[in-house]
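Spelled out, the chains give:
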Amino acid sequence: MPLMRIDVIKGHDDAYLKKMLDIAYEVQLATFHTPQGDRYQILTQHEPVEMQILDTGLGIKRSRDMIFFNLVTRPRTTKDKQAFYQQLATRLHDELGISKEDVIVSLVPNNDDDWSFGNGEAQFLNGKL
């Protein structure tokens, strides 16, 4: 169950943002093999000054279309992580015209006992999930 937090600079219309979220969800399903309906996405829009995202000396150029994806997720294989990065950047580029340089991803692993989906229960531990 990835929790996907997505940060963008303000200025995109709702159709663009919806498409971006749909692409990220579809790539999650395909690469992390999560079940249909396992969708937890929180989108935050910022003023340009609020997102200072440099390139760590890699020579990557950022634009106002940059997107920062931060996923809290169960541990994933290196192969699945790399497929997620590649497919996400490719689809965002192909379908929305976002430069691959503008797609930044950070994964934060956690465990089954780190989740409660409501009712004060740990559903991964009590067998409901």
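Note that the structure is predicted; figures quoted are calculated from it, not measured. (Residues numbered from 1 in each chain as written. Predicted model: local features only at pLDDT ≥ 70, side-chain atom pairs only at ≥ 80, totals over all residues. Heavy atoms only, no water.)

Novice: Explanation requested: the environment of L96 in the structure shown.
Specialist: You can see L96 is positioned in helix α2 (residues 78–96). Separated by 79 residues in sequence, L96 and L17 have C-alpha atoms that sit 9.8 Å apart. (Helix = DSSP H or I, 4+ residues; strand = E, 2+ residues; numbered from the N terminus.)

Novice: When you look at the pairing of strand β3 (residues 67–73) in this model, what are you seeing that I'm missing?
Specialist: Successive side chains on a regular strand alternate, one facing one side of the sheet and the next facing the other. Taking burial as the measure, the seven residues of β3 include five buried ones, the bulk of the element. Of the pairings in the sheet, the one linking strand β1 (residues 3–9) to β3 comprises six bridges and is antiparallel in character. In the sheet register, D7 faces β3, and the bridge partner there is F68. Where β3 lies against strand β4 (residues 103–109), seven bridges are found, and the strand directions are parallel. For N70, the partnering residue across the bridge sits in β4 and is S106. Remark: the β3/α2/β4 crossover connection has right-handed handedness. (Buried < 20%, exposed > 50% of the residue type's maximum accessible area, 1.4 Å probe, protein only. Pairing = 2+ DSSP bridges. Right-handed = clockwise from strand over helix to strand, strands pointing away.)

Novice: Would you mind going over unusual backbone geometry with me for this structure?
Specialist: Within the chain, H33 stands out as a residue other than glycine whose phi angle is a positive 55 degrees. Secondary-structure assignment places H33 in the loop between α1 (14–32) and β2 (41–46). A relative accessible area of 56% places H33 in the exposed class. For N119, which is not glycine, the phi dihedral falls at a positive 65 degrees.

Novice: Explain the layout of surface pockets to me, please; I cannot follow it from the model alone.
Specialist: Empty space among the atoms becomes visible once a probe the size of a water molecule is rolled across them. Computed from the structure, the largest pocket encloses a volume of approximately 220 Å³. Around the largest pocket, the lining comprises 13 residues; the ones closest to its centre are I60, R62, V103, I104 and V105. Secondary-structure elements contributing two or more residues to the lining of the largest pocket are α2 and β4. In terms of residues, the lining of the largest pocket owes the most to one element, β4, which gives three residues. Class assignment for the residues of the lining of the largest pocket results in eight nonpolar, one polar and four charged. In this structure, the second largest pocket spans a volume of roughly 160 Å³. What lines the second largest pocket is M1, F32, H33, T34, P35, D38, Y40, R74, R76, F117, F124 and L129. Looking at the lining of the second largest pocket residue by residue, the class counts come to seven nonpolar, two polar and three charged. (1 Å grid on protein atoms, 1.4 Å probe; cavity = no way out; pocket = protein on both sides within 12 Å on 5 of 7 lines; lining within 4 Å. Points joined across faces, edges and corners; volume = space filled by probe spheres on them. Nonpolar A, V, L, I, M, F, W, Y, C, P; charged D, E, K, R; others polar.)

Novice: Sorry if this is basic, but what is going on with the sheet that holds β1 here?
Specialist: For sheets, the rule is that strands pair by backbone hydrogen bonds, running either parallel or antiparallel. With mixed pairing, four strands are arranged side by side in an open sheet as β2-β1-β3-β4. If you trace the sheet from one side to the other, it starts and ends with β2 and β4, each paired once. In this sheet, adjacent strand axes meet at a mean angle of 15 degrees when their direction is disregarded. Sheet strands touched by α1: β1, β2, β3 and β4. Its angle to β2, the strand with the most contacts, is close to 140 degrees. (Axes fitted to C-alpha atoms, helices over the stretch in contact; angles between N-to-C directions. Contact = heavy atoms within 4.5 Å.)

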